Amino acid sequence: MLRKVVKVRIYPTVEQQVNLAQSFGCSRWWWNYALNHSIETYKETGKGLGQSALNALLPALKKAEETKWLGDCYSQILQATTLNLTTAYKNFFEGRARFPRFKSKNDKQSMQYPQNVKVLVDIIKLPGSVGEVKASIHRPIQGKVKTVTVSKYPSGKYFASILSEVEGDNPESSAEGNIIGIDLGLKHFAVVSDGSKVSKFDNPRHIRKHERNLKRKQQKLARKKNGSKSRLKNKRLVAKVHERVSNSRQDFLHKLSTKLVNDNQVVVVENLNTKGMVLNHNLAKSISDAGWGMFTNFLAYKLERKGGMFVEIDRWFPSSKLCSNCFYQMGEMPLDVREWTCPHCGTHHDRDGNAAMNIRAEGIRIIKLAASQSVGGGFPVTAGGGEVRPKKGRKSNLRRSPTIPEALTVPGTPGQCG
Ligand SMILES: [Zn+2]
C-alpha cells in the first residue's frame with residue numbers, strides 16, 4: 001500500500017468552530033494527562049505505558065465527576081491521541097524525534113479522526129457532531145481515505161490533512177545509480193557531492209527576508225502590555241508571518257529534496273544529533289530554523305517511494321577533519337576554517353565540499369558492507385566507489401522506514417519551529 005497525504009484548507013462555520021474547539025480541548029487534555037501519567041509511571045517503575053494501558057484509563061476518567069466531560073468527546077479522537085503519543089515516544093526512543101512535549105492552547109491545535117471521514121467535492125464530512133465542513137480541495141484524493149487530521153493555526157486558519165492509501169507497493173530498494181553525499185550546515189544549507197563535482201544550496205533570500213520581518217514583529221509584540229487589545233492584534237500578526245516563514249521554508253525543502261531524489265538513487269547524510277548541538281546556544285536558533293530534520297525526513301520518504309536508498313552515517317564520523325584525497329585526519333577543525341590544505345598530500349580543500357565527499361564515501365562503504373553481509377544478494381552496488389575506506393567498526397544506519405506520515409508529507413505545516 002502507498003500512503004499519500006493531501007492538506008486542504010477548511011472553513012468551519014462559527015457553530016462548527018465551537019464544536020471543534022471542544023474536541024481540540026479534549027484531545028489536548030488527554031495528551032497532556034497521558035504524557036504526564038507515562039512520565040510518572042516511568043519514574044516509579046522504570047517502564048513506560050503502551051497504547052492499550054493508556055486507553056484502559058479512559059473509562060474511569062469518563063465516569064469520574066471532574067472529568068465527566070471527556071464522555072462528550074468523540075471517542076475515536078481520544079484513541080487516536082493515544083496512538084500518536086505512543087508513536088511520539090517510539091520516535092524519541094529510536095532517535096528520530098524530540099521527547100514529546102506538553103500541548104498548550106496557545107499553539108497550533110490538532111486532532112485526528114482515525115476513520116469515518118468522507119471527502120466529497122468541496123466538503124469534508126467529519127463524524128460526531130461536527131458534520132459537513134466546507135473545504136477547498138485543490139486536487140483529487142486518490143485511494144481510500146484512512147485518517148484525517150484537523151488543525152487550527154494561531155493565525156486562525158483551519159486545515160485538514162487527508163491521509164489515503166492507494167493500491168500498490170514502493171519499488172524494491174536498490175543502490176544502482178548515482179550516489180550523493182550531503183553536508184548540512186549553517187553557512188550553506190546543503191553542500192552536495194556526487195563524486196566528481198560539488199554543488200551548494202543556500203536558504204532562499206526571500207525566506208531570510210521573511211525571517212527578519214518576523215523578528216521585527218516579535219520584538220514589537222514583546223513591548224505590548226499583557227492583555228491589551230494591541231497585544232492581541234500583534235500576536236496574530238506574528239502568527240501570520242510565522243506561518244509564511246515556515247510555509248516558504250517547507251516549500252524550499254520540498255523542492256530541493258525532490259530535485260535531489262529525482263537525480264540520484266542513493267543519498268548519504270550525517271545522522272544529526274540536534275540535541276548535542278543545541279547545547280551550544282549560538283547555534284541553537286539557526287539549527288531549529290534550518291529544518292534539517294524535516295529535510296532528511298523528506299529525503300527518506302521520497303527515496304523510499306522510488307526505491308532509492310537513504311543512508312545515515314554516524315555523527316561521530318569526522319567528515320570535516322578528514323582529507324577526502326588521502327584520508328589524513330586533522331586533529332582540529334574549528335568552525336570558522338572555511339578552506340584548508342592537507343599537510344600530508346597537499347590537496348587544498350573547501351571545508352564543506354570536502355565533508356560532503358567524505359560523507360558520500362562513507363555511505364558507499366556502509367552499503368558495500370551491508371551488501372557483503374546480507375546472504376544471497378543484498379544491494380547491487382555499482383556506483384564508482386574506489387574511494388571506499390577500510391572498515392573501522394563505526395555504527396551506521398540504512399534507514400528505510402520513515403516516521404509518522406503526518407509529519408512527513410504535509411505541505412505548509414510549521415515544522416521545527418515550536
Ligand atoms: Zn590529503
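What counts and how
Residues numbered from 1 in each chain as written. Predicted model: local features only at pLDDT ≥ 70, side-chain atom pairs only at ≥ 80, totals over all residues. Helix = DSSP H or I, 4+ residues; strand = E, 2+ residues; numbered from the N terminus. Buried ≥ 20, exposed ≤ 12 C-beta atoms within 10 Å, placed from the backbone. Contact = placed C-beta atoms within 7 Å. Core = buried A, V, L, I, M, F, W, Y, C linked by C-beta atoms within 7 Å. Pairing = 2+ DSSP bridges. Axes fitted to C-alpha atoms, helices over the stretch in contact; angles between N-to-C directions. Expected span 1.5 Å × (residues − 1). Parallel < 35°, antiparallel > 145°, perpendicular 65-115°, else oblique. Left-handed = near helix turned anticlockwise from the far one by under 90°. Nonpolar A, V, L, I, M, F, W, Y, C, P; charged D, E, K, R; others polar. pLDDT = per-residue confidence, 0-100.

### With respect to the overall build of the protein
Stage number 1. For the protein, the helix and strand inventory stands at 11 helices and 15 strands.
Stage number 2. Relative to its full complement of 418 residues, the protein shows a buried share of 30%.
Stage number 3. The long-range share in the protein, meaning contacts at least 24 apart out of those at least 6 apart in sequence, stands at 70%.

### Overview of the nonpolar core
Stage number 1. Ile-182, Val-266, Val-267, Val-268, Leu-299 and Val-311 are the most contacted members of the largest nonpolar core, which totals 36 residues.
Stage number 2. Each residue touching Val-266, except ones within four places of it in the same chain, is listed here: Ala-175, Gly-177, Ile-179, Gly-308, Met-309, Val-311, Gly-363 and Ile-367.
Stage number 3. Judged by nonpolar contacts, the second largest core, of 31 residues, contains Val-6, Phe-24, Ile-77 and Leu-85.

### As for the pairing of strand β5 (residues 131-136)
Stage number 1. Note that strand β1 (residues 2-11) and β5 share 3 bridges and pair antiparallel. Residue pairing for β5: Tyr-11 is matched across the bridge by Lys-134.
Stage number 2. Where strand β4 (residues 123-126) meets β5, 4 bridges bridge the pair, whose relative direction is antiparallel. Each residue of the ladder has a partner; that of Leu-126, found in β5, is Gly-131.
Stage number 3. Linking β4 to β5, which pair antiparallel, is a turn of 4 residues; within it Gly-128 sits at a positive phi near 75 degrees.

### Things to note about the sheet that holds β5
Stage number 1. Strand order in this open sheet of 7 strands is β2-β6-β7-β1-β5-β4-β3, and the pairing throughout is antiparallel. Only two strands of the sheet have a single partner each, and these edge strands are β2 (109-113) and β3 (118-120). Each neighbouring strand pair of the sheet contributes to a mean axis angle of 30 degrees, computed without reference to strand direction.
Stage number 2. Examined bridge by bridge, β3 and β4 share 3 bridges and lie antiparallel to one another. In the strand pairing of β4, Lys-118 is matched with Lys-125.
Stage number 3. Across the sheet, helix α1 (residues 14-45) lies against β2, β5 and β6 (144-152), angled at about 90 degrees from β2, the strand it touches most.

### Some points on helix α5 (residues 205-222)
Stage number 1. With 18 residues, α5 should reach 26 Å at 1.5 Å per residue; the first-to-last C-alpha distance of 26 Å fits that figure.
Stage number 2. Of all 18 residues making up α5, only 1 are buried, and the element is barely covered by its neighbours.

### Details of the environment of Ile-123
Stage number 1. Note that Ile-123 resides in strand β4.
Stage number 2. Remark: the alpha-carbon pair of Ile-123 and Val-133, spanning 10 residues in sequence, is separated by 5.6 Å.
Stage number 3. Residue contacts for Ile-123: discarding those within four places in its chain leaves Glu-132, Val-133, Lys-134 and Ala-135.

### Here we look at the packing of α5 against helix α6 (residues 229-263)
Stage number 1. Close contact between α5 and α6 brings their axes to 9 Å; oriented N to C, the two are set at 160 degrees. When the interaxial angle is binned, α5 and α6 end up roughly antiparallel. Like other packed secondary-structure pairs, α5 and α6 cross with a definite hand, here left-handed. Two secondary-structure elements touch here, α5 through His-206, Ile-207, His-210, Glu-211, Asn-213, Leu-214, Lys-217, Gln-218, Lys-220 and Leu-221 and α6 through Arg-231, Asn-234, Lys-235, Leu-237, Val-238, Val-241, His-242, Arg-244, Val-245, Ser-248, Arg-249 and Phe-252.
Stage number 2. In terms of residue class, the contact of α5 with α6 is built from 8 nonpolar, 7 polar and 7 charged.

### A word on the packing of α6 against helix α9 (residues 292-306)
Stage number 1. At a closest axis distance of 9 Å, the pairing of α6 and α9 adopts a crossing angle of 40 degrees. With respect to their mutual orientation, α6 and α9 come out oblique. Pair α6 / α9 crosses with right-handed handedness. For the pair α6 and α9, the contacting residues are Gln-250, Leu-253, His-254, Ser-257, Thr-258, Leu-260 and Val-261 in the first and Met-294, Phe-295, Phe-298, Leu-299, Lys-302, Leu-303 and Lys-306 in the second.
Stage number 2. Of the residues contributing to the contact of α6 with α9, the split by class is 8 nonpolar, 4 polar and 2 charged.

### Details of the pairing of strand β10 (residues 198-201)
Stage number 1. As paired elements, strand β9 (residues 190-193) and β10 share 4 bridges and run antiparallel to each other. Looking at β10, one finds that Val-192 is bridged to Ser-199.

### Some points on the confidence of the model for the protein
Stage number 1. Chain-level pLDDT for the protein is 83 on average; 84% of the residues reach the 70-or-more range.
Stage number 2. pLDDT under 50 marks residues 375-396. Its contacts with residues more than four places away, or in other chains, come to 37 contacts.

### Structural notes on unusual backbone geometry
Stage number 1. Even without being glycine, Asn-116 reaches a positive phi, approximately 65 degrees.
Stage number 2. Looking at the secondary structure, you find Asn-116 in the loop between β2 and β3.
Stage number 3. A positive phi is found at Asp-122, a non-glycine position, where the angle reads about 60 degrees.
Stage number 4. In this structure, Asp-122 sits in the loop between β3 and β4.

### Some details on the environment of Ile-10
Stage number 1. Among the secondary structure elements, Ile-10 is positioned in strand β1.
Stage number 2. Given 22 C-beta atoms within 10 Å, Ile-10 falls into the buried group.
Stage number 3. In the structure, Ile-10 is positioned 123 residues away from Val-133 in sequence and 6.7 Å away in space, judged by C-alpha atoms.
Stage number 4. Beyond its immediate sequence surroundings of up to four residues, Ile-10 is in contact with Ile-124, Val-133, Lys-134, Ala-135, Tyr-158, Phe-159 and Ala-160.

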